[in-house]
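Given next are the chains, with one letter for each unit.
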Amino acid sequence: MSDPLELISKFTEELPAEAAKGEEALWEYLARRGAGIVNCHAASFFDADETKKRLTFKKSIGPVGGDLIGVSFAYQGVAGACAEGRRSVLVNDAEASPLFTKKVDKGSGFQTKTVIAVPALANGELLGVIEFINSIPGSFSDADLRTAETLTALVSRDVYIRKQEATIKQLNLKGESTINNLSGGFIGSDLEGRVIFFNPKASEIFEVGQEYLNKPVVGLFQLCPEVVGAIGDVLKQGKTVRRMEFTCAVNGKKKVIGYSSINIKGVDGKIIGAGVIFQDITNL
C-alpha cells in the first residue's frame, strides 16, 4: 500500500505545472488525481453559488462523468449539506443516510454507495465542493477524509491565487490608464496588503518614485502613516470614508491631504482590495 504522505507530496510537487494551465486544469487535477489517492471509483467537483444556493457539476471523473458536466441543482444531498455547512461530510452507507438523495443516481444510472464531500475554501470564500465516490476497499476511513481535505485545501489555495492574479491583471489592463491619468493621487492594495497601484499623481504629492509598488502596504508608514491607516480600515473592517482629511509631513513640508477610501472591485464585482483617492489641499 502506498504511503499517503508520499502521495500527497507527489501531488503537491505537480501542482505548479497544473496551476500554470489555469483554474479548469486544477479542478480536473483534484478530481482525477485525488480519486486515485483517496482510492475511489469516481469524483465530482461542483461550482458553488452561495447567493443562489446552487451547485453545478464542473468536473466529473467516473463511468458517467461526461454526462453530468453542466448539470445544476439547488443545495441538496451530501454535496448540498457540505456546501451549506461549509464542513466535510463522510457517508459510508448512502442508502441509509438522511443526507443522501438518489436524484442524480436515478438520472445517470450510477449507484452511489460511499461518499466523501469536502468544501473547497480559500480566504473565507466557498469555491465549490469536491466529492469522492465509492471507495474501492468498500468504505472510506477517517484517514481518507483527512487526505481529501488536504488535497482540496492545496488546490483551493492555488485556484484562489489564480483568480486573484487574473482579476488584478484584468483590472490593470482596463483601469491602469484611467488611474494613471486621475487628477488626484491613488494608492491601492490587494487583499493581502500588497501595494498594486501608486499612480503618478501620488508620486508627485508625496515626492517619491514607484519604489512602494509591489511592497507591503505597511511600508508606506514611513511615507505617511495616515494612508496606511485608511487602507487598513478598509481591508480589516470594511470601513470606507468620504471627504476626510489629514496632515502629513512630506520632506519637511506640512501638507493637508483630502481623501476618500474605497473597496477595489474586480471585473466580476468581487472585492479584491482597498484604495485611497486623495488630493493635496494645503493651499486651498
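Anything mentioned here points back to the structure above.
Novice: What is the right way to look at the sheet that holds strand 7 (residues 185-190) in this model?
Specialist: Pairing is antiparallel in the open sheet, where 5 strands are placed in the order 8-7-11-10-9. In the strand order of this sheet, the two ends are held by strand 8 (195-198) and strand 9 (244-250), each with one partner. When the angles between neighbouring strand axes are averaged without regard to direction, this sheet yields 30 degrees. Strand contacts of helix 8 (residues 225-237): strand 7, strand 9, strand 10 (253-265) and strand 11 (271-280), with the helix running at about 145 degrees to strand 11, the strand carrying the most contacts.

Novice: Is there a simple way to explain helix 1 (residues 4-19) in this structure?
Specialist: Helical geometry note: an α-helix holds 3.6 residues per turn, so side chains three or four residues apart project in the same direction. Here helix 1 contains 16 residues, and its C-alpha end-to-end distance of 22 Å stays within 8% of the 22 Å for a straight helix at 1.5 Å per residue. For helix 1, the principal kink sits at E13 and spans about 30 degrees; a proline, P16, occurs within the next four residues. Those residues of helix 1 lying buried are I8, F11, L15, E18 and A19.

Novice: Just to check I follow, could you spell out the packing of aromatic side chains for this structure?
Specialist: Any two aromatic rings considered together are summarised by their centre-to-centre distance and by the angle between their planes. The final tally for this structure, using the stated rule, is 9 aromatic pairs. Where F11 meets Y29, the ring centres are 4.6 Å apart and the plane angle is 25 degrees; that geometry is what we call stacked. Note that F11 is positioned in helix 1 and Y29 in helix 2 (residues 23-38), a separation of 18 residues in sequence. Y29 sits in the buried class, given a relative accessible area of 1%. Relative to F197, the ring of F186 lies with its centre 5.9 Å away and its plane at 55 degrees, an arrangement referred to as tilted. With F186 in strand 7 and F197 in strand 8, this residue pair connects regions lying 11 residues apart in the sequence. The two residues F186 and F197 agree in class, both being buried.

Rules used in this analysis
- Residues numbered from 1 in each chain as written.
- Predicted model: local features only at pLDDT ≥ 70, side-chain atom pairs only at ≥ 80, totals over all residues.
- Heavy atoms only, no water.
- Pairing = 2+ DSSP bridges.
- Helix = DSSP H or I, 4+ residues; strand = E, 2+ residues; numbered from the N terminus.
- Axes fitted to C-alpha atoms, helices over the stretch in contact; angles between N-to-C directions.
- Contact = heavy atoms within 4.5 Å.
- Expected span 1.5 Å × (residues − 1).
- Bend = angle between axes of the 7 residues up to and from the residue.
- Buried < 20%, exposed > 50% of the residue type's maximum accessible area, 1.4 Å probe, protein only.
- Phe/Tyr/Trp six-rings, centres within 6.5 Å; stacked < 30°, edge-to-face > 60°.

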